[in-house]
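Structural features, examined
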Amino acid sequence: MSTSRTTTAAPAPGHALKHLALHLLTPLLMCLGMALAYQGAFHQPGPHHLKVAVVGTTPQARELAGAVRGAAGDALDVATLPDRAAAERQLLDRELVGAFVPDADRPELLVAKANSDTSAMAAEKVIQRVAGQQGAPLAVTDLTTPSQGDPTGQGLFFLLVALSIGSYGSVAVIGAAGAALSMRIRVLVGLGVSLVVSVIGIVTAGPVFHVVDHDLAGVWALGWLYAAGVIGIGIGLHGFLKRWTTLVMMVLFVMLNFTSSGGVYRPDLQNGFFGGLHSFWTGAGFLEGARSLLYFDGGAGFAGNVLVLVLWLAAAGALVTAAALYERRGLAGAGGALGSRDEPGAEEEMEESAVAV
């Protein structure tokens, strides 16, 4: 008895290589983008209009401020303040990075390291030269108290990283595995996922590692606003970009987001591009809002940081609405030409998401 056997022809090597090259394009563009973004933002940090003050109203204090201003050039913005109380107030309002109190016996630099440890160190380095000329060691006084689990002030930045990875990593899964669901259901799933991401973030940053040792509800709310905005934008973008959503999300929420957040260097130590992004990018909104809440009693620009997060969430709402209309009108099929025959299945897209993480 003969058995019939059907065979499937193997794809031509040229087609297979073309398919492979197309999918390798995403990680290679990620590599290029990460190299440009991180090295562009961090390769040569230096003061740019770093705001410092000299405390005192005497001619000697004004002369000292002028000397510092002349020696530093554009690196520092030097002002004079009448007394220590005024200097402390501006430091706690995050309007200054450092305030130098000249004294023949004990020159002192006032800083608020919770605002930015790297900026405070830059101010100390500059003022140290002035204090050295006075022949007395410089005393540095930090007006803020770091959290028990975050002595360097970097913990909030790593919380931002965790929230971001949980958020943009979920977008590909929702877009691929949930492709058959309506946009409304995908958005509801996204809101639920953002809640879970924010809870994971605050539990690990709070009770587990004590990076956040008070105002847990406030920091959690900021985290949920942030995560919901990221996921919402991702769901909306996926309606248009399909498999290219991962790359675009990496650009928006890693390459430009982490570098402009102020977690490593604040704008006064960065070039103008990344310093400019800091004023309205969502990661900076979360990070600076959390800093203001934890270390500056909810002042120092906190309302503006919340507004940034709300506006990004509003942009997400507008984007998912546009994507829903796009799908409803049957244009998604035509837009699928972005992926065409090489549009990956759920497994491939989730794998690209894993590469991104």
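About the thresholds
- Residues numbered from 1 in each chain as written.
- Predicted model: local features only at pLDDT ≥ 70, side-chain atom pairs only at ≥ 80, totals over all residues.
- Heavy atoms only, no water.
- Pairing = 2+ DSSP bridges.
- Helix = DSSP H or I, 4+ residues; strand = E, 2+ residues; numbered from the N terminus.
- Axes fitted to C-alpha atoms, helices over the stretch in contact; angles between N-to-C directions.
- Contact = heavy atoms within 4.5 Å.
- Core = buried A, V, L, I, M, F, W, Y, C linked by side-chain atoms within 4.5 Å.
- Buried < 20%, exposed > 50% of the residue type's maximum accessible area, 1.4 Å probe, protein only.
- Salt bridge = Lys/Arg side-chain N within 4 Å of Asp/Glu carboxyl O.
- pLDDT = per-residue confidence, 0-100.
- Phe/Tyr/Trp six-rings, centres within 6.5 Å; stacked < 30°, edge-to-face > 60°.
- Lys NZ or Arg CZ within 6 Å of the ring centre and 35° of its normal.

**Some remarks on the sheet that holds strand 4 (residues 108–111)**
Taken together, 5 strands build an open sheet; the order of strands is 2-1-3-4-5 and the sheet is mixed. Two strands close off the open sheet at either side, each with one partner strand: strand 2 (76–81) and strand 5 (139–142). Neighbour to neighbour, the strand axes of the sheet diverge by 25° on average, direction disregarded. Here strand 1 (residues 50–55) pairs with strand 3 (residues 98–101) via 3 bridges, running parallel. Paired with V54 across the strands is F100, a residue of strand 3. Lying on the sheet, helix 2 (residues 59–72) is in contact with strand 1, strand 2 and strand 3; it crosses strand 2 at an angle near 175°.

**Structural notes on the nonpolar core**
If you look at the biggest cluster of nonpolar residues, it comprises 72 residues, and the most contacted ones within it are L156, V212 and F286. Among the elements that take part in this core, helix 5 (residues 155–177) stands out by supplying 8 residues, more than any other. When sequence neighbours within four positions are dropped, the list of residues in contact with V212 reads L156, I202, A205, G206, V219 and L294. The next biggest cluster of nonpolar side chains, apart from the first, holds 10 residues, and it includes A53, V55, L81 and L91.

**Digging into the pattern of salt bridges**
Scanning all chains against the criterion turns up 8 salt bridges. Close ionic contact of R106 with E108 constitutes a salt bridge, the shortest N to O distance being 3.9 Å. You can call E108 buried: its relative accessible area is 7%. Among the salt bridges present, the one from E288 reaches R266, with a minimum N-O distance of 2.5 Å. With E288 in helix 11 (residues 282–295) and R266 in the loop between helix 9 (257–260) and helix 10 (272–277), this residue pair connects regions lying 22 residues apart in the sequence.

**A few points about the confidence of the model for the protein**
On average, residues of the protein score 84 in pLDDT, and 88% of them are at 70 or above. In this model, residues 335–344 is a region of pLDDT below 50 whose contacts with residues beyond four sequence positions or in other chains number 14 contacts.

**Considering unusual backbone geometry**
For R94, which is not glycine, the phi torsion reads 60° and is therefore positive. For R94, the position within the fold is in the loop between helix 3 (84–92) and strand 3. Here the phi dihedral of K242 falls at roughly 55°; this positive angle occurs in a residue that is not glycine. One can find K242 in the loop between helix 7 (216–241) and helix 8 (245–255).

**So, the packing of aromatic side chains**
This structure, assessed with the given rule, holds 10 aromatic pairs. Their ring planes at 35° and their centres at 5.9 Å tell us that Y226 and F286 sit as a pair that is tilted. Of this pair, Y226 sits in helix 7 while F286 sits in helix 11; the two residues are 60 residues apart in sequence, bridging distant segments of the chain. There is no split in this pair, since Y226 and F286 are both buried. With a centroid separation of 4.9 Å and an interplanar angle of 85°, the aromatic rings of F273 and F274 are classed as edge-to-face. Here F274 falls in the buried class, since its relative accessible area comes to 7%. Following the ring pairs from residue to residue traces out a cluster consisting of F253, F280, W281 and W312. Over the face of the ring belonging to W244 we find R243, whose NZ or CZ atom lies 4.6 Å from the ring centre.

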